[in-house]
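Structural description and commentary
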Amino acid sequence: RFVSASWAKNKRSDALKVQSGIFLFRIASALVISLVLVIFAKDVSLSFFKSTTTLLTYLAALGVFGSLLIDFQISSLQSKGRWYLSSVFLSLTNLTRLTLLIYLFGQSNLNLENFLLVFFVSPLLVALASFVWERPSTKFLYDWKNIFKKVSNFSFWMGVNRVAGT
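One structure accompanies this document, and this report is about it.

A few points about helix H4 (residues 55–79)
- The end-to-end C-alpha distance of H4 is 36 Å, a good match for the 36 Å that 25 residues give at a rise of 1.5 Å each.
- Of the residues trailing H4, Gly81 is marked for its positive phi of about 75°.

Right, dumping it as structure tokens:
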């Protein structure tokens, strides 16, 4: 909301500040969630995957990171009115998953680890590819508290929902 309103009013500096703040918050959130998953990998693997293989939880941590990044990229493109590119990247994650799963199935190499590898790593690959068209600003903001307060007042519950849904 804030980024697209700033772009619409030709307030490039404000838009980039908010966008950079949101991006850095997404990175921090992804790192914290991933770190928690890595620390409790054995318990998470046993509880969610019913397996002693901690690799499954490590893949899930990558998936959280990738999902938060591609979601940011898509929202960023939409805030600038770049609807075609945002729809391409929105679809590309699932197309990548489908293509790789069909390939693995054809090679008789589809198992739980490979399935989860494809499922969790695809958003990360698509997010990295999207940086060619939309590179987020990563400069540190000294007024990050104000930006966080401004954005979180509006989108706290939407953000919680997105993180929980990831």
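Remarks on the nonpolar core
- One finds Phe23, Leu69, Ile70, Phe72, Ile74, Leu77, Leu85, Phe89, Leu124, Val126 and Ala127 forming the largest nonpolar core, which totals eleven residues.
- Of all the elements in the fold, those that place two or more residues in this core are H4, helix H5 (83–106) and helix H6 (112–130).
- Tallying contributions element by element places H4 first for this core, with five residues.

Some points on the environment of Tyr58
- Here Tyr58 lies in helix H4.
- Not counting the four nearest positions on each side in its chain, Tyr58 is found in contact with Val38 and Ala41.

Re the packing of aromatic side chains
- The full count for this structure, using the stated rule, is four aromatic pairs.
- Pairing Phe23 with Phe72 gives two aromatic rings, centres 5.1 Å apart and planes at 50°, and the pair type is tilted. Of this pair, Phe23 sits in helix H2 (residues 12–39) while Phe72 is found in helix H4, placing the two residues 49 residues apart along the sequence. Across the pair, Phe72 and Phe23 agree in class, each one buried.
- Taking the centre distance of 5.4 Å and the plane angle of 75° together, the rings of Phe119 and Phe120 count as edge-to-face.

A few points about the environment of Ser79
- Tracing the chain through its elements places Ser79 in helix H4.
- The class of Ser79 is buried, set by a relative accessible area of 15%.
- Here the alpha-carbon distance between Ser79 and Gln19, two residues 60 residues apart in the chain, equals 9.7 Å.
- At 2.7 Å, the side chain of Ser79 forms a polar contact with the backbone oxygen of Ser76.

Things to note about H5
- For H5, which comprises 24 residues, the first-to-last C-alpha distance of 34 Å matches the rise-based estimate of 34 Å (1.5 Å per residue) to within 8%.
- Those residues of H5 that are buried lie in contact with H4 and H6.
- One or two steps after H5, the chain reaches Ser108, where phi turns positive at roughly 55°.

The rules behind the values
Every chain's residues receive numbers from 1 upward, in the order its sequence appears when written. Since the coordinates come from a predicted model, pLDDT governs what is reported: local features require at least 70, and pairs of side-chain atoms require 80 or more to be given and counted, while whole-chain, interface and lining totals use all residues. Computation of side-chain values covers all heavy atoms of the structure but excludes hydrogens and water. By definition, any uninterrupted DSSP run of H or I lasting at least four residues is a helix, any uninterrupted run of E lasting at least two residues is a strand, and each is numbered from the N terminus. The span expected for a helix works out to 1.5 Å for each residue beyond the first. Nonpolar core, defined: a set of buried Ala, Val, Leu, Ile, Met, Phe, Trp, Tyr and Cys residues in which side-chain atoms within 4.5 Å join the residues together. Under the scheme applied here, a residue whose accessible area is under 20% of the maximum for its type counts as buried, over 50% as exposed, and between as partly exposed, the area being computed with a 1.4 Å probe on protein chains only. By the convention used here, residues are in contact when the closest approach between their heavy atoms is within 4.5 Å. What counts as a ring pair is set by centres within 6.5 Å for rings of Phe, Tyr and Trp (its six-membered ring), and what kind of pair is set by the plane angle: stacked under 30 degrees, edge-to-face over 60, tilted for all other angles. Throughout this description, a polar contact denotes any pair of N or O atoms lying within 3.5 Å of each other; where both atoms belong to protein, one of them has to be capable of donating a hydrogen while the other can accept it, and for residues adjacent in sequence the pair is counted only when both atoms sit in side chains.

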